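A structural walkthrough
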Amino acid sequence: MTEFSTRRTLMLRIILKKELHDNFLNLRLISLCAIAIVLIVSSIIVLTGQYRDDLNDTHSRISTQNEFIDRYGHANRIGWMSVLFREPSPWRPFITGIDRDASQENFINNPIPALLSRLDVVSIIAIIMSLIAVIIAHNGVSGERESGMLKLMLSMSVPRSTILLGKFIAGLITLSIPCTLGILLGLAYLSITVGIEFDILTLGVFGFFLFLALLYVQAFYGLGLLISARSHSSNVAVLKSLFAWVVLVLALPNISPFLAAQMYTIPSRARHEHELRKIESEDRDARIRQQMVTAQKEIFPDGSLPEGISRSEIQERMSRDPVFRERYTAFMKRFDAIARQVNIEQRRIGDALREDFNNRSRNQELLAIGLASLSPLSNFVFAATDAADVGLESDAEWEAQAGRYNRSLREYVDKRYEEAKASDPSFSVNDYLDLRARPRFQFQPPPLGTRIVRIILPTAILAGFNLLFFVAAFVSFLRYDVR
Amino acid sequence: MISHVIKKEILENLLSYRFFILTGLLLLLMSVALIVGYGDLKQRQDNYEILRPTSGNPNVIIAPTPLSVLAKGLEENLTRLHEISVLGIQIRQNQQSVNRIFSLFAAPDLLFTIKVVLALLALLFSFDAITHEKEQGTLRLLLSHSLRRPSLIIGKLLGRFVLIAVPFTILFLVFLLSVSLLPAGEATGDFWIRSFVILLVALCYTLLFTAIGLCVSSYVHRSSTSLVLGLALWLLFVFIMPNFGTTIARSVTKTPPADRIEMEGRLNTIRAIYERLEKEKKDPGHSEGRWMMLQIKESTLRLIEAHRPPMNAHVRTSQTILRFSPSGALHLALTDIATTGLYEEGRLKDAVVEYAGRNFDKINQLEPGPPEPFIYQRSPLSEVLVRSGLIDLVIIVIYTAVFVIAAYVRFLRYDPR
């Protein structure tokens, strides 16, 4: 048994050596990998420059706004004055994530990001490296059959499982070189030019990113091997592999949000806001008006309060008619009560609608994520962006911290206002208030633990793809006709 | 003789596994583009009906175009609601959807299918046109007959082109017909003319990638090498040059981030309100409302004047860099022809700025009377072509000519042994 396993290990080593030789002596492959490395490094260099500019601009905006509050601070418009700015993520040179410039929230915005996305390391790995993986793998079984190598190997009593395992490991080593080298060179450039701190968080995110990249690229290598093991000629294998690659990389992720929007329809935000406005303003006013007509008939049964009576006329009648004054006071009291009640009721309906809309949007998003998860690319993008805190989950944490800070700022401003009012009763909310000692905002990026929890699912799915493709390739290869 | 070669190429491939799998892929992606594009158009039209301002309301929104199903481009930008008030021109964000996944991936419209997938299919149909014959030994056989090399290469180019162009044209026409028959797709004469121009450009682009495949095939001697080379060129033209180009353009011409523009406008407005209140405090009984409005108007106009020229310069630089790649040129051309491109975006912005400047006083009750209605027509085809689209079309034609000539010249010197 021991001798058998030693023999197998030896064979595996020989197969591995052969595969690596084949790969590294292949000029086409080497050139593709070299191009990938050059691209990764150059995109990191360009995006690092942009990151630095954005970081400087954010700091300058924060200080401009701070100076403004120091000079013009007053209680009334403090929320409007102190809009919080988010510093660009230090991972931006690698992972752009959700590009905020593409969301086009301003009139004088830059339209280019909405037209074409940027080329970051994530997209280079997602598109180019996966294509390279498929190209390397498509020859793996069918190509060896065509060249007669497979027959020769099997005639030397090399177990089929050893051959496939050797190919799988060789693919992993080959593909890991351009990914790792490119990312390492880029990281070195980033640390020299911007100076990043190599703490646990940075190293953790970096490690996870590299791990995810390899897991993703290897999934496509496995897919290529599977298709190769199910095709008799390498011409057919390459077509099938490219077909699968187009569907998984170019079609499925892009289609999923649109398909989800068709399958699970929710009203657009414009329609939702239109309905809310109707409930909380038009319907509210109509109900108040209707109840006030009834109240008017009750309080003024003789019709002594005609429609369209002017304010000055009312004043004048109140001063000369005490009965009218009493009735009118009761009428106004009723108005207050009705307005308050109707407001509460309509707000409740509006809130229910709001909650329903939020839930349904969340469901639609989950459906889109679910559909997109059928492609390894989406899982890689979700996991990589969430690990770097620039993805779908990153907004929630930011909004929570920003909300907490805004509340504490409001409390501080209210306290300062009360103090000023106590010393000077004529002090108003529009008067200058010295707010220089106010609390300042500092975003605490989520710790590594939180990020790991976020990316467990997409990482597990990616690993699942690897396992699935490898097992399927293994089974197909066991039944492969080598003649 | 050419017609014989064309016939041979078509018959040889028509019943092949490749033809079946590649046209199947095209059918799949074009159906998806129709379903999602139409759904998107319907939702935008629904939004337009809701947000459309009533008379006397100064808000600005333009009607969506059914051409956006062909090339979505900046349609989302163009059909936003512009709220014009004392605060300047503001955008109501996120009108379309709350689903954030949209921002992670590109829209799978017909333009995407043409730019990325059709180019790949054209390449896959032609990458082995010469190497395969050589590997099988039939190239020697063919050339030993009285068939001339120019006839062979031209026949091969046209034969392979027809193989992809005919299914695409049929699917494209079915696509157009479906859009025009569906209730939201109002197909006017203009719609058909623009669609046919788009079809012509797409066919030229297909010919380009067929020529690229043929060109690499006549440079190397093995199909596997020509496949790798072809795919590398495809990656370069379709992904690397356009996307890296826009990334570089951002570094070449620096533009202020949207957050800075927003902050400057906001702080200017708050300062004007604050100073008005301070002035009124010093001189009670005297209203400074008009003074404040004029301050805000001036600062808003100044902000637009300060930021639009660098933004326009950045857009021009990006366009120039994009045009180095035929796929970038195609993207610009098709979105421009469909009135969802950069040209239309700049034109609408100019119109909105001009409208807001002309009606600011009336909108903010500084002058009596209601503001005039906002009237906007998307640019006619001739205007788009003259101002922007023609350059892109010429670039695609030049690229096609270069690769056809390169394939032709190279094949004349090809060693069939």
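If you're wondering where the values come from, they're calculated on a predicted model, not measured in any experiment.

Calculation criteria
Residue positions are counted from 1 within each chain, in the order its sequence is given. Chain labels run from A onward and ligand labels from 1 onward, assigned in the order the entries are written. It should be noted that, the model being predicted, local features are given only for residues of pLDDT at least 70 and side-chain atom pairs only at 80 or more, the latter also being counted only at that level, while totals for whole chains, interfaces and linings use all residues. Only heavy atoms go into the side-chain values, all of them from the structure, while hydrogens and water stay out. Working definition: helices are DSSP H or I runs of at least four residues, strands are E runs of at least two. Numbering for both runs from the N terminus. For the exposure calls, accessible area comes from a 1.4 Å probe over protein chains only, and a residue counts as buried if that area is under 20% of its type's maximum, exposed if over 50%, partly exposed in between. For this analysis, residues touch if any pair of their heavy atoms sits within 4.5 Å. All accessibility values rest on the Shrake-Rupley procedure with a 1.4 Å probe; residue burial counts only the protein chains present in the view. Asp and Glu are treated as the negative residues and Lys and Arg as the positive ones, with His and the ends of the chain left uncounted. Working definition for charges: the position is that of NZ of Lys, CZ of Arg, CG of Asp or CD of Glu. Accessible surface is computed with a 1.4 Å probe, and the buried area is the amount of it that two parts give up when combined, taken over both parts together. Any Lys or Arg side-chain nitrogen found within 4 Å of a carboxyl oxygen on Asp or Glu counts as a salt bridge. To estimate how far a helix should extend, the number of its residues minus one is multiplied by 1.5 Å. The arc in question is the one traced by the directions running from the helix axis out to the C-beta atoms. We call two strands paired when DSSP finds no fewer than two bridges between them. Along the chain, pLDDT gives the predictor's confidence residue by residue, from 0 to 100. Nonpolar cores are built from buried Ala, Val, Leu, Ile, Met, Phe, Trp, Tyr and Cys residues. Side-chain atoms within 4.5 Å join them into one set. Residues forming no salt bridge and having over 30% relative accessible area are the ones grouped into patches, like charges within 9 Å of each other and nonpolar side chains (Val, Leu, Ile, Met, Phe, Trp, Tyr) within 5 Å. To get an axis, a line is fitted to the C-alpha atoms, and for a helix only the part in contact is used. The angle between two axes follows their N-to-C directions and goes from 0 to 180 degrees. Oblique is the label for any angle not under 35 degrees, not over 145, and not in the 65 to 115 range, which are roughly parallel, roughly antiparallel and roughly perpendicular in turn. For any pair of crossing helices, the crossing counts as left-handed if the nearer helix is rotated counterclockwise from the farther one by less than a right angle, and right-handed if it is rotated clockwise. All residues other than Ala, Val, Leu, Ile, Met, Phe, Trp, Tyr, Cys, Pro, Asp, Glu, Lys and Arg, Gly among them, are scored as polar; the first ten of these are nonpolar and the last four charged. Only the six-membered ring of Trp is used, alongside the rings of Phe and Tyr, when aromatic pairs are assigned; centres must lie within 6.5 Å, and planes under 30 degrees apart are stacked while those over 60 apart are edge-to-face, with the rest tilted. Note on criteria: charge over ring means Lys NZ or Arg CZ within 6 Å of the ring centre, with the direction from the centre no more than 35 degrees off the ring normal. The definition of a polar contact used here is a pair of N or O atoms within 3.5 Å, where within protein one atom must be able to donate a hydrogen and the other to accept one, and adjacent residues in sequence count solely through side-chain atom pairs.

1. Comments concerning the overall build of chain A
Check the secondary structure of chain A and you find 16 helices and 0 strands. With respect to the three principal axes, the spread of C-alpha positions in chain A is 120 × 50 × 45 Å. Counting across all 483 residues of chain A, residues that qualify as buried make up 51%. Of the contacts made within chain A by residues no fewer than 6 positions apart, 83% connect residues no fewer than 24 positions apart. A total accessible area of about 22,700 Å² is found for chain A, and carbon and sulfur atoms account for 60% of it.

2. Some words on the overall build of chain B
Tallying secondary structure elements over chain B gives 14 helices and 2 strands in all. Projected onto its principal axes, the C-alpha positions of chain B cover 105 × 45 × 35 Å. Considering chain B as a whole, with its 417 residues, one finds that 60% of them fall into the buried category. Across chain B, contacts joining residues at least 24 apart in sequence account for 80% of those joining residues at least 6 apart. Accessible surface computed for chain B: about 16,700 Å², of which carbon and sulfur atoms make up 63%. A gap of 9 Å separates the mean positions of the 43 positive and 35 negative side-chain charges of chain B.

3. Concerning the interface of chain A and chain B
In this assembly, 93 residues from chain A lie in contact with 106 residues from chain B. In total, about 9,100 Å² of surface goes out of reach between chain A and chain B, with carbon and sulfur atoms giving 70% of it. Contact with chain B buries area across many residues of chain A, yet A:Phe107, A:Ile108 and A:Phe258 alone supply 10% of it, more than any other trio. One can count 4 salt bridges joining chain A with chain B. A salt bridge links A:Arg61 to B:Asp259; the shortest N-O distance between them is 3.3 Å.

4. Description of helix H1 (residues 2–14) of chain B
Residues and elements named next belong to chain B. For H1, which comprises 13 residues, the first-to-last C-alpha distance of 18 Å matches the rise-based estimate of 18 Å (1.5 Å per residue) to within 8%. Those residues of H1 lying buried are Val 5, Ile 6, Glu 9 and Asn 13. Taken end-on, H1 shows its buried residues confined to a sector of 100°, consistent with a single buried face. For H1, the exposed residues lying more than 90 degrees away from the buried face are His 4, Lys 7 and Leu 11. Contact partners of the buried residues in H1: helix H2 (17–51), helix H5 (131–136) and helix H7 (149–181).

5. Overview of the pairing of strand E1 (residues 82–85) of chain B
Residues and elements named next belong to chain B. Burial of E1 is one-sided: the residues His 82 and Ile 84 facing one way are buried, the residues Glu 83 and Ser 85 facing the other way are not. Pairing analysis gives 4 bridges linking E1 to strand E2 (residues 88–91), with the strands arranged antiparallel. Paired with Ile 84 across the strands is Ile 89, a residue of E2. The loop that links E1 with its antiparallel partner E2 comprises 2 residues.

6. Let's talk about the confidence of the model for chain B
Across chain B, the average pLDDT comes to 88, with 97% of residues at 70 or higher. The ipTM for the predicted assembly is 0.88, set against a pTM of 0.88.

7. Some details on the nonpolar core
Within the largest apolar cluster, 187 residues are counted, with the highest numbers of intra-cluster contacts made by A:Phe94, A:Tyr216, A:Trp245, A:Phe380, B:Phe168, B:Phe209 and B:Trp234. Among the elements that line this core, the one with the most residues is helix H9 (residues 200–229) of chain A, at 17 residues. With 21 residues, the next largest nonpolar core counts B:Leu303, B:Ile304, B:Ile363 and B:Phe374 among its residues.

8. Examining unusual backbone geometry
The bulk of non-glycine residues show a negative phi, and the bulk of peptide bonds are trans. Phi at A:Asp389 is positive, roughly 60°, even though this residue is not glycine. In this structure, B:Thr339 takes a positive phi of about 55° despite not being glycine. Tracing the sequence through the fold places B:Thr339 in the loop between helix H12 (326–337) and helix H13 (342–363).

9. Here's the deal with a nonpolar patch on the surface
All names here are of chain A. A surface patch of nonpolar side chains, amounting to about 460 Å² of accessible area, comprises Phe 24, Ile 30, Ile 173, Ile 177, Leu 181 and Leu 185. Considering each element in turn, the nonpolar patch owes the most residues, 4 residues, to helix H8 (residues 160–193). With respect to the element layout, Leu 181 can be found in helix H8. Under the relative-accessibility criterion, Leu 181 is labelled partly exposed at 42%.

10. Describing the pattern of salt bridges
Residue and element names in this part refer to chain B. Counting across every chain of the model gives 56 salt bridges over all chains. A salt bridge links Lys 156 to Glu 9, with the nearest nitrogen and oxygen atoms 2.5 Å apart. With Lys 156 in helix H7 and Glu 9 in helix H1, this pair connects stretches of sequence that are 147 residues apart. As far as the burial class goes, Lys 156 and Glu 9 line up, both buried. Linking Arg 308 and Asp 350 is a salt bridge whose minimum nitrogen-to-oxygen distance equals 2.7 Å. Taken as a pair, Arg 308 in helix H11 (residues 289–322) and Asp 350 in helix H13 lie far apart in primary sequence, 42 residues in all. One salt-bridge network, held together by shared partners, links Lys 8, Glu 9, Glu 12, Arg 18, Asp 128, Glu 133, Lys 156 and Arg 160.

11. Some words on the side chain of A:Arg454
Residue and element names in this part refer to chain A. Position of Arg 454 relative to the elements: it lies in helix H16 (residues 448–478). Using a relative accessible area of 16% as the deciding quantity, one classes Arg 454 as buried. Ignoring any residue separated from it by four or fewer positions in sequence, one finds Arg 454 in contact with Asp 386, Asp 389, Glu 393, Ser 394, Glu 397 and Pro 446.

12. Some thoughts on the packing of helix H8 (residues 189–219) of chain B against helix H14 (residues 381–412) of chain B
Residue and element names in this part refer to chain B. Orientation of H8 relative to H14, taken along the N-to-C sense of each, is 25°, at an axis distance of 8 Å. In terms of their interaxial angle, H8 and H14 are classed as roughly parallel. The two elements H8 and H14 cross, and the hand of that crossing is left-handed. A breakdown of the residues in the contact of H8 with H14 according to their chemical character gives 22 nonpolar, 2 polar and 2 charged.

13. Considering the packing of aromatic side chains
Inspection of every chain in the model, using the stated rule, returns 32 aromatic pairs over all chains. When the ring of B:Phe191 is compared with that of B:Trp192, the centres are 5.7 Å apart and the planes differ by 85°; the resulting orientation is edge-to-face. The class of B:Trp192 is partly exposed, set by a relative accessible area of 27%. Taken together through their ring pairs, the aromatic side chains of A:Trp91, A:Phe94, A:Phe209, A:Tyr216, A:Phe220 and A:Phe380 make up a single cluster. In this structure, A:Arg160 packs its charged tip against the face of A:Phe477, placed 5.7 Å from the ring centre. Sitting above the plane of the B:Phe411 ring, B:Arg149 keeps its charged end 5.8 Å from the centroid.

14. Details of the packing of helix H10 (residues 234–263) of chain A against helix H13 (residues 322–372) of chain A
Residue and element names in this part refer to chain A. Remark: H10 packs on H13, axes separated minimally by 8 Å, with the N-to-C direction vectors making an angle of 145°. Like other packed secondary-structure pairs, H10 and H13 cross with a definite hand, here right-handed. For the pair H10 and H13, the contacting residues are Leu 252, Ser 256, Pro 257, Leu 259, Ala 260, Ala 261 and Met 263 in the first and Gln 364, Leu 367, Ala 368, Leu 371 and Ala 372 in the second. Split into classes, the residues belonging to the contact of H10 with H13 amount to 10 nonpolar, 2 polar and no charged.

15. Concerning the side chain of B:Ser318
Summarising the element assignment, B:Ser318 is placed in helix H11. Relative accessible area serves as the criterion here: at 0%, B:Ser318 is assigned to the buried category. Those residues in contact with B:Ser318 that lie beyond four places of it in its chain are A:Ile112 and B:Ala249.

16. Considering H12(B)
All names here are of chain B. In this model, H12 (12 residues) spans 16 Å end to end at C-alpha, consistent with the 16 Å of a helix rising 1.5 Å per residue. Taking burial as the measure, the 12 residues of H12 include 12 buried ones, the bulk of the element. Two or three places before Ser 327, at the opening of H12, Ser 325 has a side-chain oxygen 3.1 Å from that residue's backbone nitrogen. Following H12 by one or two positions, Thr 339 has its phi on the positive side, about 55°.

17. Section: the confidence of the model for chain A
Mean pLDDT over chain A works out to 87, with 98% of the residues at or above the 70 mark. Within chain A, H16(A) carries the highest mean pLDDT (93), whereas helix H4 (residues 112–115) of chain A carries the lowest (78).

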